[in-house]
Amino acid sequence: MAKLFERRVTPADSLLDVAATTTLAFLLALLITSFLFISDGNNPLQAYFALFHEPFATLRGFGNALVRASPLALIGLGTIVSWRSGLAYLGFEGCFVIGAAAASWLALLTSPGQALGPLPFFVFLPLVILFSFAAGGAWAGAVGVIRARLGGNEVLISLMSNYVGIFFLQYLVSGPLRAPGSLPETVQLPQRTWLPFILPGTRAHAGVLLALLAAAIVWVLLKKMPLGYELIVTGFNPSAARYAGIDVVGKLTLAAFFAGGLGALAGMVEVLGSQHRLMDGISGGVGFVGIIVALLARLNPIAVIPTALLYGGMSVGADAMQRRANIPSSITFILQSLAVLLVLTTDVLRYYRFRPSALWGDKPLTAGEGTNR
Amino acid sequence: MKRSLEMRDVVKRFPGVVANDHANLTVEAGEIHALLGENGAGKSTLMQILYGFHRMDSGEILIDGSPVTLTSSKEAIALGIGMVHQEFMLVPPFTVLENAILGLREPGHPLLDLGKASQRFKALSDRHQLALDPNAEVQSLPIGVQQRVEIVKALYRDASLLILDEPTAVLTSQEKDQLFSVLRGLQAEGRSSILVTHKLNEIMEIADRVTVMRDGKVIATRAIRATSKQELTRLTVGRDVNLRTNKPPLERGKPLLQISDVRVCDDSGNEKVRGITLEVHAGEILGIAGVDGNGQSHLAEAIMRLRAIKSGRLVLAGVDLTSASLTRYRSAGLAYIPADRRNVGSVTKMSVADNAILGSQRKYARGIFRDIRRERASAAALVKRFDVRGSDIDLPAGKLSGGNLQKLILGREIMRGSNVLVVEQPTRGLDIGAIEAVWHELLRERQEGKAILLISADLEELLNLADRIAVVFEGRIMGIVNATEASVEEIGSMMAGIPVERDWVAPRLSIEEKANGEAF
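About the criteria used
- Residues numbered from 1 in each chain as written.
- Chains lettered and ligands numbered in written order.
- Predicted model: local features only at pLDDT ≥ 70, side-chain atom pairs only at ≥ 80, totals over all residues.
- Heavy atoms only, no water.
- Helix = DSSP H or I, 4+ residues; strand = E, 2+ residues; numbered from the N terminus.
- Rg over C-alpha atoms; globule rule 2.2 N^0.38 Å.
- Buried < 20%, exposed > 50% of the residue type's maximum accessible area, 1.4 Å probe, protein only.
- Contact = heavy atoms within 4.5 Å.
- Areas by Shrake-Rupley, 256 points an atom, 1.4 Å probe, with all protein chains shown as cover.
- Lys, Arg positive; Asp, Glu negative; His and termini not counted.
- Charge placed at Lys NZ, Arg CZ, Asp CG, Glu CD.
- Salt bridge = Lys/Arg side-chain N within 4 Å of Asp/Glu carboxyl O.
- Pairing = 2+ DSSP bridges.
- Axes fitted to C-alpha atoms, helices over the stretch in contact; angles between N-to-C directions.
- Phe/Tyr/Trp six-rings, centres within 6.5 Å; stacked < 30°, edge-to-face > 60°.
- Lys NZ or Arg CZ within 6 Å of the ring centre and 35° of its normal.
- pLDDT = per-residue confidence, 0-100.

**Side note on the overall build of chain B**
Tallying secondary structure elements over chain B gives 17 helices and 20 strands in all. For 520 residues, the compact-globule formula gives about 24 Å, and the C-alpha radius of gyration of chain B, at 25 Å, lands near that figure. Over its C-alpha atoms, taken along the principal directions, chain B stretches across nearly 70 × 50 × 50 Å. For chain B, the proportion of its 520 residues judged to be buried stands at 52%. In chain B, of all internal contacts separated by at least 6 residues, the share reaching a separation of at least 24 is 68%. Within the structure as shown, chain B displays about 22,700 Å² of accessible surface, and the carbon and sulfur contribution to it stands at 50%. Charge-centre separation for chain B: the mean point of 67 positive side chains lies 4 Å from the mean point of 67 negative side chains.

**Things to note about the pattern of salt bridges**
Tallied over the full model, the rule gives 35 salt bridges over all chains. Measuring nitrogen to oxygen at the nearest pair gives 2.6 Å for the salt bridge that ties lysine 310 of chain B to glutamate 271 of chain B. Taken as a pair, lysine 310 of chain B in strand β14 (residues 309–316) and glutamate 271 of chain B in strand β12 (residues 271–281) lie far apart in primary sequence, 39 residues in all. You can call lysine 310 of chain B exposed: its relative accessible area is 52%. Classification of glutamate 271 of chain B as partly exposed rests on a relative accessible area of 24%. A salt bridge links arginine 385 of chain B to glutamate 441 of chain B, with the nearest nitrogen and oxygen atoms 3.9 Å apart. Residue arginine 385 of chain B is found in helix α12 (residues 372–385), and its partner glutamate 441 of chain B is found in helix α14 (residues 432–447); the two are separated by 56 residues along the sequence. Using a relative accessible area of 40% as the deciding quantity, one classes arginine 385 of chain B as partly exposed. Via salt bridges that share partners, Glu54, Arg60, Arg323 and Arg324 of chain A belong to a single interconnected network.

**Considering the sheet that holds strand β16 (residues 334–337) of chain B**
Residues and elements named next belong to chain B. With mixed pairing, the six strands of this open sheet are ordered in space as β16-β17-β18-β13-β19-β20. Each end of this open sheet is capped by a strand with a single partner; those strands are β16 and β20 (476–482). When strand polarity is set aside, the average angle formed by the axes of neighbouring strands in this sheet is 15 degrees. Inspection of the sheet shows strand β17 (residues 420–424) paired to strand β18 (residues 451–456) by five bridges, in the parallel sense. Each bridged residue has a counterpart across the sheet, and for valine 420 the counterpart in β18 is alanine 451. This element, helix α9 (residues 296–303), spans β13 (285–289), β16, β17, β18 and β19 (468–473) of the sheet and lies at about 150 degrees to β17. Along the sheet, helix α13 (residues 402–415) contacts β16 and β17; its crossing angle with β16, the most-contacted strand, is approximately 175 degrees.

**A word on the packing of aromatic side chains**
Across all of its chains, the model carries eleven aromatic pairs over all chains by this definition. With a centroid separation of 6.5 Å and an interplanar angle of 35 degrees, the aromatic rings of tyrosine 48 of chain A and phenylalanine 52 of chain A are classed as tilted. Note that tyrosine 48 of chain A and phenylalanine 52 of chain A are positioned in helix α2 (residues 44–57) at a spacing of four residues, about one turn of the helix. Accessibility expressed as a relative area gives 12% for tyrosine 48 of chain A, which makes it buried. Residue phenylalanine 52 of chain A is classed as partly exposed on the basis of its relative accessible area, which comes to 21%. Following the ring pairs from residue to residue traces out a cluster consisting of Phe37, Tyr48, Phe52 and Phe56 of chain A. Taking NZ or CZ as reference, arginine 120 of chain B lies 4.4 Å from the ring centre of tyrosine 156 of chain B, over its face.

**Some words on the confidence of the model for chain A**
Residues and elements named next belong to chain A. On average, chain A scores 87 in pLDDT, and the residues at 70 or more come to 93%. Mean pLDDT values over the elements of chain A span from 72, in strand β1 (residues 5–7), up to 96, in helix α7 (residues 207–224). With pLDDT under 50 throughout, residues 363–373 is counted as low confidence; its partners more than four residues away or in other chains account for 18 contacts.

**Some details on the sheet that holds strand β8 (residues 192–197) of chain B**
All names here are of chain B. An order of β6-β7-β8-β3-β9-β10 is seen for the six strands of this open sheet, with the pairing classed as mixed. What marks the edges here is a single partner per strand, and that holds for β6 (81–84) and β10 (217–223). Strand after strand, the sheet turns through a mean of 20 degrees between neighbouring axes, direction not considered. Relative to β10, strand β9 (residues 209–214) runs antiparallel, the two sharing six bridges. If you follow valine 210 over to β10, its bridge partner there is arginine 222. In the packing of helix α8 (residues 229–237) onto the sheet, the strands contacted are β3 (32–36), β9 and β10, and the crossing angle to β9 comes to about 30 degrees.

**As for the pairing of β9 of chain B**
Residue and element names in this part refer to chain B. Pairing of β3 with β9 involves four bridges; the strand directions are parallel. Within β9, the residue paired with histidine 33 across the bridge is arginine 209. Taking the residues that link successive antiparallel strands as the turn, the β9-β10 hairpin has two residues, and the phi of aspartate 215 there is positive, at about 50 degrees.

This is how it looks when you write it as structure tokens:
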């Protein structure tokens, strides 16, 4: 008896298979979400046109998509480093605001009359990258230390640390760094400290390049360096890691440090490239969407780039959709989350072989090689 | 009561393999029937079909001559089939009695009547001389007793056909004798047993008939009286195998690994190694015999620095490394083959090539980058030299069979070039072909002048490979004997904690101590 789906011993894991199931999952998510549009009396095709047209078919929109994508990519990369090392770190909202605050503080210090005076940009840039990275790294590294040394639960601690970070930001922008005026925000950062714009006619800034560079570095780390090998062994199997002489505590702490640093760079990119000031609510959930991006990219540092662009573009499109078709932009978040759920569930498809021949009753290729489950 | 079993033309396919290929098996009432075969020969699948875990694709099962269908273990139990799994299916914090009645329900009685159950339990336990205390917590019992709990569990369900999967793998020889006398008692009542095993000695000792399987097929069924170990080996492997090793005489060199009065605790702070003193010389295999859980693993982990040494000293090639840093310690040259191949010795989700460099990842690197070409070349060389079969070096190591995975780990550790090898249960669960290969490699390392500490629960292995055998019991050494002069009975009683009074044991120990005294 031939069956339509035959179980495989090993999952089909060629690039094509993975891409096919991911695409299928995404299309399925689009299909399910269209019911939400229909129930609201909208035409899903028009809604999707509104969602995807602006970010991917207009130059200005594409620039905005790039702007939204770069922090997502950086946070996705942080997720990859920590999760592949076996640390389920979820505190990227916190890292993001810490990085944003650190960068803003340093930028404000270079205002005329302040401690660092007018610092040239080529000195300021490496300084601010190192400073933000170190601040976020220390922030997340603390969670790594608690987990690795004391055996605390990193999921809970990192999740809760987000609130500490967010309230710390509120304190900063309503206290020591507050600009005169009614809003809880700093003054605009000195223009000298802004990241340069890279695409004429758009708001795309050099943060995009930083994200690309970070993706390349994370790829090299995980694929080409013994350190990355040790991180991955630690993630798969801590006992085997210890057996191989790998310092598991040190590796987990290091992974948390890298992850926090990358998350902080996302915050830095956001303030120096796009907002140009520090304000309450600056993170707005990117710390979580970034994790989703990493999952959708199956924790692959190269695949994070297009995935981040897709999700960044969708959030740009969501605004356009709300403006033009008056459809609530939160539907986009439902779509984004559904896509991840479906990607995770369609993974099971890779364990089956599709036999359309069973539909029209043909014999399977090798007689008697039918399925038994 | 008396049940006979016949399995006819059983076929079972899994994706990509035929696990049972027209297998036939008959077990008479009151017979002890051994089922022999290498790993992957299809024994377990056949038994799981009989116990209702798997459904066969074709074939039939007859009990007392009438065909039955088995789709779940519940039906198998109702037909009087009981199974003692290799990994016990017991609830550790429950008492023996609670485990015995687990899942049973008396029709019409919504409440549990432990008193009544206890009476029936006692009657069963006494009749079969199982000596079980119904109120003891299972987790506090030794493995051998836990196994008897499994047996009584089956008897409580009135099993007339008992399937035992590798029952002696974890037992001392005394416990094994006890098990066999229980099985003979069951036989006297007309109950039959199927013994799944690959230990020929035990088959010759207890079974009435033996069925040999190879590659999913039943090769032969023989009466024990009409066969020999040689014939059975040939049938199992398909060729002649010489498991007797021709070990060249010992050329004992300088002591390379010396441990003195080492004490080690487990994670909850109980002392598991209580003052062990040993010396392993170049060109020597020192065996450590003992039932699992008597401190051997903790000792090995302490030697490998995976566990802290509470007190005592550790000297490697004359250098005291008791308090050396981990990095310094690792570079001093020790290789370790852990007992748990899949969870400690390898990362099953990573490729064979990645596993081949585990522990040497920094050695293969050029600066801060991996030299992947060199890694792969060395992995390919390892796979070739140690005959690791069945996988491409890019496939996950978890896809390898136990024997091939062990060859990979063994090869990796040997190619590390260390002078001292700590080897734990190197052939547990492997089939004869793989055992032969592992033994061969270990003896070759001995010839090369390596010092090998071999921890094994398999006495045959120790007697074949080791030059001296130290027997541990509850974290102490009961005695050290020369392998050539030792007997299985002697080692067996020391494993059970009974000291053996023999003249030469005492002076030998004092020589050891003297040698240690000079070295330290």
